[in-house]
Amino acid sequence: MFVIIAYDVNTSSEGGKKRLRKVAKECVNYGQRVQNSVFEVNLEYGKFILLKDKLIRLIDEEKDSLRFYYLGDKWEKRVEHIGVKPGYNSEGVLII
């Protein structure tokens, strides 16, 4: 399942800065950063539920926010990119 995750973590305190680093690190482990606080992830449903649970536990719901945009299987037709840093096909060939 292809999902866009966006977050906004209040960094006015040291605890907020720590939460921001943890949320970003968790997202990097599972997906591709496309903007500062926006990630594209393509995971099977069970792994996505685990990631979502981890992120919810990391944030402070009274100060921070998480948004999940579920794009489904035909996501290629729903994502358009213009500008630098071309997008990538998470189901395509990966060269390391």
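Up top is the structure.
Summarised in this report is the structure supplied together with it. (Residues numbered from 1 in each chain as written. Predicted model: local features only at pLDDT ≥ 70, side-chain atom pairs only at ≥ 80, totals over all residues. Heavy atoms only, no water.)

Focus: the packing of helix α1 (residues 14-30) against helix α2 (residues 45-58)
- Orientation of α1 relative to α2, taken along the N-to-C sense of each, is 170°, at an axis distance of 10 Å. As the angle between them shows, α1 and α2 are arranged roughly antiparallel. Residues Arg19, Lys22, Val23, Glu26, Cys27 and Tyr30 of α1 form the contact with α2, whose own contacting residues are Leu51, Lys54, Leu55 and Leu58.
- A class-by-class count of the residues in the contact of α1 with α2 yields six nonpolar, no polar and four charged. (Axes fitted to C-alpha atoms, helices over the stretch in contact; angles between N-to-C directions. Helix = DSSP H or I, 4+ residues; strand = E, 2+ residues; numbered from the N terminus. Parallel < 35°, antiparallel > 145°, perpendicular 65-115°, else oblique. Contact = heavy atoms within 4.5 Å. Nonpolar A, V, L, I, M, F, W, Y, C, P; charged D, E, K, R; others polar.)

Things to note about the pairing of strand β2 (residues 31-35)
- Note that β2 and strand β3 (residues 38-42) share four bridges and pair antiparallel. Note on β3: the bridge partner recorded for Gln32 is Glu40.
- In this structure, the hairpin formed by β2 and β3 is closed by a connection of two residues. (Pairing = 2+ DSSP bridges.)

Overview of α1
- In this model, α1 (17 residues) spans 25 Å end to end at C-alpha, consistent with the 24 Å of a helix rising 1.5 Å per residue.
- Within α1 the residues assigned to the buried category are Gly16, Arg19, Val23, Ala24, Glu26 and Cys27. Viewed end-on, α1 has its buried residues packed into an arc of 160°, placing them on one side of the element. Along α1, exposed side chains directed more than 90 degrees from the buried face belong to Glu14, Lys25 and Asn29.
- Taken together, the buried residues of α1 touch β1 (2-8), β2, β3 and α2. (Expected span 1.5 Å × (residues − 1). Buried < 20%, exposed > 50% of the residue type's maximum accessible area, 1.4 Å probe, protein only. Arc of directions from axis to C-beta.)

Some words on the sheet that holds β2
- With antiparallel pairing, the four strands of this open sheet are ordered in space as β2-β3-β1-β4. Single-partner strands in this sheet number two, and they are β2 and β4 (65-72). Adjacent strand axes in the sheet meet at a mean angle of 25°, parallel and antiparallel pairs treated alike.
- Of the strands in this sheet, β1, β2 and β3 touch α1, which is tilted by about 120° from β2.
- Packed onto the sheet, α2 meets β1, β3 and β4 and runs at close to 165° relative to β4.

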